[in-house]
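# Coordinate analysis (summary)
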Amino acid sequence: MNELIRSYGKGLTTVFVTLTAFWLLILIILPQAFMLEHSLWIIDRDDQLGMKIDRAYSDLGLMEYDLNSKEGDEKTALQEEVDSLKATIAELEAQETDPPTVYGLQNYTKMSSLHFTIFVKSIVYALMVTVLALIVCYPIAFTIAKLATPQRAALLLLGLIIPYAINELLRVYAWLMILDYQGVVNSFLAWLGLVSFESKSWVPFLEYSGSVFVALIYAYVLFMIFPIYNTVDTLDKNQLEASRDLGASTFRTHWRVVIPHAKPGIAVGCIMTFMLSVGSYSVPQIMTRGKSGDWFSQLIYRQFFESQNWNVGAAYSFSLVLVCLAFILIMMKVFKVGIRDIAK
């Protein structure tokens, strides 16, 4: 804080701190608190309540019909029963429209075995996407940062950035057209005579999770490349030359010199790729067409917008948030970096 005041003065520092606090409160803290609070709601709804109300209305109709034929004390007594039944109906309808709400962990603990399997599968798939993205992107980031000439590095970066000028959905649909049953790849295989469209002997890429992996890596490739590139770019080339002069192999140079220096960038890239992959809805939905099973993000969507069960949907969503937080802590532990290192 003192450094900010010395650099920008009290006025600008107050503006910066206020805007940051507002951003944290409105965009992070309040939405997460709202979701957590909803995930702990358990609505105590009586499943037989609708039948009870229908039966009560039926009895009320008969009693009101009998009321017209009664006189004297009988009519008075029956009128009291009618009034009592109307009060009961009003109470039942109030319970139906505004059921009592209690708090507990039932929304978390009642996850079915199928949903839990999908939850675990989605985490494993996101981890696989993260590992594959790291394997693919690390050589690219290192090449841009240390091996390519400035002109080639600029061209490579431009080639990576240009596709991101197109909407993410269009990029995913492009991969759908490439891997579809009669898409680009299968058309090329048919031209080679390896598959036949007439006999429907094409390769069903969309029925395998690998198609989702490819689309996810392509969709989020920059989130892995740029953090690694930024850290590798700060590595002194003299260290690489010294490593080679001392007889270290290429693998040993990367293992002992480059990767330790690039740990913050690798950690950030893995965190961003994992969080985006595990929470992605559009990519699995478009690429699989329901052919290779749901991802957990699709279950969350159904809880909110199809089942209208916002409490269970919030519990599922917050479970995913906890997994992402745990992954961040694991990455910080594995790469031995702190928040300050990641922020750089």
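Source: prediction; values computed, not measured.

### Digging into the overall build of the protein chain
Across its full length, the protein chain carries 16 helices and two strands. Considering only contacts within the protein chain whose residues lie at least 6 apart along the sequence, 72% involve residues at least 24 apart. With the model as given, the accessible surface of the protein chain reaches about 21000 Å², and the carbon-plus-sulfur share is 64%.

### Details of the packing of aromatic side chains
Under the counting rule described, the total for this entry stands at 16 aromatic pairs. Here phenylalanine 251 and tryptophan 255 contribute two aromatic rings whose centre-to-centre distance is 6.1 Å and whose plane-to-plane angle is 10°, an arrangement assigned as stacked. With phenylalanine 251 and tryptophan 255 both in helix α12 (residues 250–278) and four residues apart, this pair spans about one turn of that helix. Like phenylalanine 251, the residue tryptophan 255 is exposed in the burial classification. Taken together through their ring pairs, the aromatic side chains of Tyr281, Tyr301, Phe304, Phe305 and Trp310 make up a single cluster.

### Describing the environment of arginine 256
In this structure, arginine 256 sits in helix α12. Counting along the chain gives 68 residues from arginine 256 to cysteine 324, while the straight-line C-alpha distance between them is 29 Å.

### Section: the packing of helix α5 (residues 113–147) against helix α6 (residues 150–161)
Put simply, α5 and α6 touch, their axes get as near as 8 Å, and they point 140° apart. Between α5 and α6, the crossing angle belongs to the class labelled oblique. Seen along the crossing, α5 lies across α6 with a hand that is left-handed. On the side of α5, the interface is formed by Ile140, Thr143 and Ile144, while α6 contributes Ala153, Leu156, Leu157 and Leu160.

### Topic: a nonpolar patch on the surface
Side chains of Phe22, Trp23, Leu24, Leu25, Ile26, Leu27, Ile28, Ile29 and Leu30 sit close together on the surface and give an oily, nonpolar patch of about 840 Å² of accessible area. When you line up the elements, isoleucine 28 lands in helix α1 (residues 2–39).

### A closer look at unusual backbone geometry
Phi is positive for lysine 336, close to 55°, though the residue is something other than glycine. Within the secondary structure, lysine 336 sits in the loop between α15 (310–334) and α16 (339–343). Judged by its relative accessible area of 70%, lysine 336 falls in the exposed class.

### Notes on the side chain of serine 243
Inspection of the secondary structure assignment puts serine 243 in helix α11 (residues 237–245). Among the polar contacts listed, one links the side chain of serine 243 to the side chain of threonine 253, at a separation of 2.8 Å. If we skip the residues at most four places from it in the chain, serine 243 touches Ala248, Thr253 and Val257.

### Some points on the nonpolar core
Counting 66 residues, the largest nonpolar core has Phe274, Val283, Met287 and Phe296 as the members making the most contacts within it. Of the residues forming this core, the biggest block, 13 residues, is contributed by α5. Contact partners of phenylalanine 274, with chain neighbours within four places excluded, come to Ile123, Ala126, Leu127, Thr130, Val323, Cys324 and Phe327. Grouped together as the second largest cluster of nonpolar side chains are eight residues, Ala56, Leu60, Leu67 and Leu85 included.

### Notes on the environment of leucine 78
In this fold, leucine 78 is placed in helix α3 (residues 72–97). As a C-alpha pair, leucine 78 and leucine 216 span 138 residues in sequence and 70 Å in three-dimensional space. Here leucine 78 is in contact with Met63, Asp66, Leu67 and Lys70, once residues within four sequence places are set aside.

### Quick look at the state of the cysteines
All told, the structure shown has zero disulfides when counted by the stated rule. Lacking any disulfide linkage, cysteine 137 is separated from the closest cysteine sulfur, that of cysteine 270, by 9.8 Å. Using a relative accessible area of 5% as the deciding quantity, one classes cysteine 270 as buried.

### Focus: the packing of α5 against α15
One way to put it is that α5 packs onto α15 with a least axis distance of 12 Å and a crossing angle of 35°. The interaxial crossing formed by α5 with α15 has right-handed handedness. Mapping the contact onto sequence places His115, Phe119, Ile123 and Leu127 in α5 and Tyr316, Ser319, Leu320, Val323 and Phe327 in α15. Considering only residue class, the contact of α5 with α15 consists of seven nonpolar, two polar and no charged.

### Points about the environment of threonine 231
Mapped onto the elements of the fold, threonine 231 is located in helix α10 (residues 221–232). When the C-alpha atoms of threonine 231 and isoleucine 166 are compared, they prove to be 27 Å apart, with 65 residues separating the residues in sequence. For threonine 231, the side chain forms a polar contact with the main-chain oxygen of proline 227, separated by 3.2 Å.

### Digging into the side chain of serine 122
Tracing the backbone shows serine 122 in helix α5. Overall, the relative accessible area of 0% leaves serine 122 in the buried class.

About the thresholds
- Residues numbered from 1 in each chain as written.
- Predicted model: local features only at pLDDT ≥ 70, side-chain atom pairs only at ≥ 80, totals over all residues.
- Heavy atoms only, no water.
- Helix = DSSP H or I, 4+ residues; strand = E, 2+ residues; numbered from the N terminus.
- Contact = heavy atoms within 4.5 Å.
- Areas by Shrake-Rupley, 256 points an atom, 1.4 Å probe, with all protein chains shown as cover.
- Phe/Tyr/Trp six-rings, centres within 6.5 Å; stacked < 30°, edge-to-face > 60°.
- Buried < 20%, exposed > 50% of the residue type's maximum accessible area, 1.4 Å probe, protein only.
- Axes fitted to C-alpha atoms, helices over the stretch in contact; angles between N-to-C directions.
- Parallel < 35°, antiparallel > 145°, perpendicular 65-115°, else oblique.
- Left-handed = near helix turned anticlockwise from the far one by under 90°.
- Patch = residues over 30% accessible without salt bridge, like charges linked within 9 Å, V, L, I, M, F, W, Y side chains within 5 Å.
- Salt bridge = Lys/Arg side-chain N within 4 Å of Asp/Glu carboxyl O.
- Polar contact = N/O pair within 3.5 Å; in protein donor to acceptor, adjacent residues only side chain to side chain.
- Core = buried A, V, L, I, M, F, W, Y, C linked by side-chain atoms within 4.5 Å.
- Disulfide = S-S within 2.5 Å.
- Nonpolar A, V, L, I, M, F, W, Y, C, P; charged D, E, K, R; others polar.

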